[in-house]
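# Geometric and topological summary
Given next are the chains, with one letter for each unit.
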Amino acid sequence: MEHKWWHSRTAYQIYPKSFCDTNADGIGDLRGVISKLDYLQELGVGLVWLSPIYASPLADQGYDISDYYRIDPRFGTMDDMDELLREAGRRDIRVVMDLVVNHCSDEHEWFRKACEDPYGKYGRYFYIRKHQDGDPLPCNWRSYFGGPVWSKLPGHDDLVYLHLFHRKQPDLNWENPEVRRDIYSMINWWLEKGVAGFRIDAIINIKKALPFRDYPADREDGLSSVDHMLFEAKGVLDFLNEMADETFRKYDAFTVGEVFNEKPEELPLFIGERGCFSTMFDFAETVINQGPEGWHAQKPVTPEAYKAACFESQRKTRDTGFLCNIIENHDEPRGVSRYLPAGTCEGPYAVAAKKMLGGLNFMLRGLPFLYQGQEIGMENTRCSRIEDVDDISARDQYRVSLEAGLSPEEAMEVVNRFSRDNARTPFQWDASDNAGFTSGTPWLPVNPNYRTINLDAQRNDPDSVWNFYRALIALRRNPDYRETAVYGQTTPYLPERKNLMAYFRRSDTQTLLVIGNFQDAEAEIPLPGAVRRVLLDNLNGCAVEARTLRARPWQFAVLDMDA
Ligand code: TEU
Ligand code: CA
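Rules and cut-offs
Residues numbered from 1 in each chain as written. Chains lettered and ligands numbered in written order. Predicted model: local features only at pLDDT ≥ 70, side-chain atom pairs only at ≥ 80, totals over all residues. Heavy atoms only, no water. Domains from an automatic or database assignment. Contact = heavy atoms within 4.5 Å. Buried area = accessible area lost by both parts, 1.4 Å probe. Salt bridge = Lys/Arg side-chain N within 4 Å of Asp/Glu carboxyl O. Polar contact = N/O pair within 3.5 Å; in protein donor to acceptor, adjacent residues only side chain to side chain. Helix = DSSP H or I, 4+ residues; strand = E, 2+ residues; numbered from the N terminus. Nonpolar A, V, L, I, M, F, W, Y, C, P; charged D, E, K, R; others polar. Core = buried A, V, L, I, M, F, W, Y, C linked by side-chain atoms within 4.5 Å. Buried < 20%, exposed > 50% of the residue type's maximum accessible area, 1.4 Å probe, protein only. Near = heavy atom within 4 Å. Areas by Shrake-Rupley, 256 points an atom, 1.4 Å probe, with all protein chains shown as cover. Donors = N, O, S within 2.8 Å, 3.2 Å for Na, K, Ca; no water. Phe/Tyr/Trp six-rings, centres within 6.5 Å; stacked < 30°, edge-to-face > 60°. Lys NZ or Arg CZ within 6 Å of the ring centre and 35° of its normal. Pairing = 2+ DSSP bridges. Axes fitted to C-alpha atoms, helices over the stretch in contact; angles between N-to-C directions. Arc of directions from axis to C-beta. Disulfide = S-S within 2.5 Å.

## Focus: the domain arrangement of the protein chain
The assigned domain composition of the protein chain is domain 1 (11–103 + 177–379 + 422–465), domain 2 (109–162) and domain 3 (486–561). Here the C-alpha centre of domain 2 lies 29 Å away from the C-alpha centre of domain 1. Facing 26 residues of domain 1, the contacting portion of domain 2 comprises 18 residues. Overall, the association of domain 1 and domain 2 removes approximately 1,900 Å² of surface from exposure, summing both partners, and the carbon and sulfur fraction of that is 58%. Inspection of the domain 1/domain 2 interface yields three salt bridges. In this structure, Asp 221 engages Arg 142 in a salt bridge whose closest nitrogen and oxygen atoms are separated by 2.9 Å. For the pair domain 1 and domain 2, the interface holds 12 residue pairs in polar contact (both at pLDDT 80 or more). Of all the secondary-structure elements, those providing two or more residues to the side of domain 1 that touches domain 2 are α5 (177–193), β11 (224–225) and α6 (226–232). Here the residues of the side of domain 1 that touches domain 2 sort into 12 nonpolar, five polar and nine charged.

## Here's the deal with the nonpolar core
With 160 residues, the main nonpolar core has Met 81, Phe 198 and Phe 270 as its most contacted residues. In contact with Met 81, not counting residues within four places along its chain, are Leu 30, Leu 50, Ile 53, Ile 71, Met 97, Trp 190 and Val 195. In this structure, Phe 504, Ile 515, Ala 523 and Leu 549 belong to the second largest nonpolar core, which totals 15 residues.

## Considerations on the site of ligand 1
Taken together, 17 residues sit near ligand 1, with Asp 60, His 103, Asp 201, Asp 331 and Glu 332 positioned nearest. Side-chain polar atom of Asp 60 to an oxygen atom of ligand 1: 2.4 Å apart, as the coordinates give it. A distance of 3.0 Å separates an oxygen atom of ligand 1 from a polar side-chain atom of Arg 420. Protein chains shield 90% of the accessible area of ligand 1, which is 500 Å² for the free molecule.

## As for the coordination of the calcium ion (ligand 2)
In the first shell of the calcium ion (ligand 2), the protein supplies Asp 21 (OD), Asn 23 (OD1), Asp 25 (OD), Ile 27 (O) and Asp 29 (OD), at 2.2 to 2.3 Å from the metal. Sequence positions of the donors to the calcium ion (ligand 2) reduce to the motif D-x1-N-x1-D-x1-I-x1-D. Its relative accessible area of 34% is what places Asp 25 among the partly exposed residues.

## Looking at the packing of aromatic side chains
One pass over the structure, following the stated rule, counts 43 aromatic pairs. The rings of Tyr 54, Tyr 68, Tyr 69, Trp 110, Tyr 122, Tyr 125, Trp 189 and Trp 190 are connected pair by pair, giving a single aromatic cluster. The residue whose ring lies beneath Lys 36 is Trp 429, and the NZ or CZ to ring-centre distance is 3.9 Å. When the ring centre of Phe 504 is taken as reference, the NZ or CZ atom of Arg 506 above it lies at 4.2 Å.

## Structural notes on the sheet that holds strand β22 (residues 548–551)
An order of β19-β22-β21 is seen for the three strands of this open sheet, with the pairing classed as antiparallel. Because the sheet does not close on itself, it has two edges, and the strands there are β19 (523–526) and β21 (543–545). Going from strand to strand, the sheet's axes swing by 25° on average, the running direction of each strand aside. For β19 and β22, the ladder comprises four bridges, and the chain directions are antiparallel. Looking at β22, one finds that Glu 524 is bridged to Arg 550.

## Describing the pairing of strand β17 (residues 500–506)
Judged by how many residues are buried, β17 sits mostly within the fold: six of seven residues are covered. As defined by bridge partners, β17 adjoins strand β18 (residues 511–517) across seven bridges and the pair is classed as antiparallel. Note on β18: the bridge partner recorded for Met 501 is Gly 516. Count of turn residues in the β17/β18 antiparallel hairpin: four residues.

## So, helix α7 (residues 236–246)
Listed in full, the buried residues belonging to α7 are Val 236, Leu 237, Phe 239, Leu 240, Met 243 and Ala 244. Buried residues in α7, looked at end-on, bunch into an arc of 155°, giving them a common side. On its buried face, α7 is in contact with β5 (94–99), α5, α8 (248–251) and α9 (267–271).

## Here we look at the state of the cysteines
The term disulfide refers to a covalent linkage connecting the sulfur atoms of a pair of cysteines. Under the definition given, this model contains zero disulfides. With no disulfide of its own, Cys 276 has Cys 324 as its nearest cysteine by sulfur position, at a separation of 14 Å.

## A word on the environment of Ile 14
With respect to the secondary-structure elements, Ile 14 resides in strand β1 (residues 11–14). Taking the C-alpha atoms as reference points, Ile 14 and Arg 459, separated by 445 residues in sequence, lie 20 Å from one another. Here Ile 14 is in contact with Phe 19, Val 33, Leu 40, Val 48, Trp 49, Leu 50, Ser 51 and Gln 372, once residues within four sequence places are set aside.

## Section: the side chain of Thr 344
Mapped onto the fold, Thr 344 is located in the loop between α11 (335–339) and α12 (350–362). For Thr 344, the side chain forms a polar contact with the main-chain oxygen of Pro 341, separated by 2.5 Å. Residues in contact with Thr 344, not counting those within four places in the same chain, are Ala 350, Ala 353 and Trp 554.

Spelled out as structure tokens, the structure:
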């Protein structure tokens, strides 16, 4: 496999609104990110993805962009952005922006002009169709955030426009070459500025199966999940390759796609040697137990299901390329609250278990992508009233849960398990008021557990989750192990054994064995050979006796084996 500059780095997602606030308005900002660059360097991060900071009404927290060429004043100025790029560069940290081009904001100039003159140039930038009250909509697709994907075009009672997400996020018409040209110019403008590349939002959705038509309804509302349409849509890769040719490839930019629902045969075309992206996220674990009914029907993830999903992704990318390995992001609950059995984070083994989960994910082949707060073991938060929930997706799922017959209390439980707010509570820097995130009132309340879970407390504790992540990152950078940690092939070890997740990482010269005792109980785990060295473990040592590892509850270890 051809080595790329980004392969051996550790990546880190910043959700700027919740990272660090420097002007006491309760909203994290670019100056806050700049002030934490030393921190990121100390952690060992080499690549940062910034969630959107462009001008936006924040109907979907910045994923609704009203001007791609401006920084939203809430986040700072273009000077701040330039300084961030410069200062990050000095620390050998490359910065990647979020590219949100399936849709823009309904407050973008393009959409305003489309409303003024739906039959003119900008009308063709969107999907606008005739519609009379009482008639069926052009199709019965359900928006990701609930309700039909069609809304009335402002100012025109006889027209509707398409939005796969919120109604304030009108879909851009990628079939129109003028739209594509405008998008490519914008991308190049940012690349010229020195951003290293992009995380590419919701990109599979840019190709619609046309003409619009109904699919079988999958809920009482008579609507149909967009998944059916995505399955049928052909040709997304033509758009993506054109985009890559016109932009990324000219700059050797790093790109990571947010790709759900790709077809198996397409994987090499996305992330192979000549793929349209450098890499994409592995969502195999994220989508376990997801279905069209919604969050309330989603069962908890078992260790066996988690393991199987990871191994399947490793298998399918073995000869193809790199995926980005995550346990969470800004759209998902906290990984430790989701993938560890219920109660673990409240129990005596919380720290050990968090490290084990992090270690198992981090050591997989691919690019490890941490989400802010993961490195200190941040957990889901709780909210008791739906009015206090910010996430538009959670508010919709609350309604869906009630409609499915759940009580308001049960529906709130569902929201608490899955709300995107879980990941969006402010970063817990220290034990002072508001976790040191702001000296004002945070836009979203801080998780009340910040007095015990915070960076300050973990920095000086050699046994903390944070110091464990640092050790993982250091191992990936260690010249003696880098080749194997980055490129070594993954082979499951004892995959049938319940509550054990173990795998080899093998290069020509080394064999590492990664072991996680995925349970509350001790376990005797047979070893396939002699252990040269324990490179890392989560409990201050692990008991290796001859060919057996006597693992304590939630024990994790990376063993350098006699090949
Ligand atoms: O998410 C796209 C997306 O498809 C998600 O809504 C996904 O279906 C869901 O999280 C699965 O659990 C991206 C952004 O990451 C998200 O924050 C935005 O709301 C969305 O696009 C619209 O831009
Ligand atoms: Ca601020």
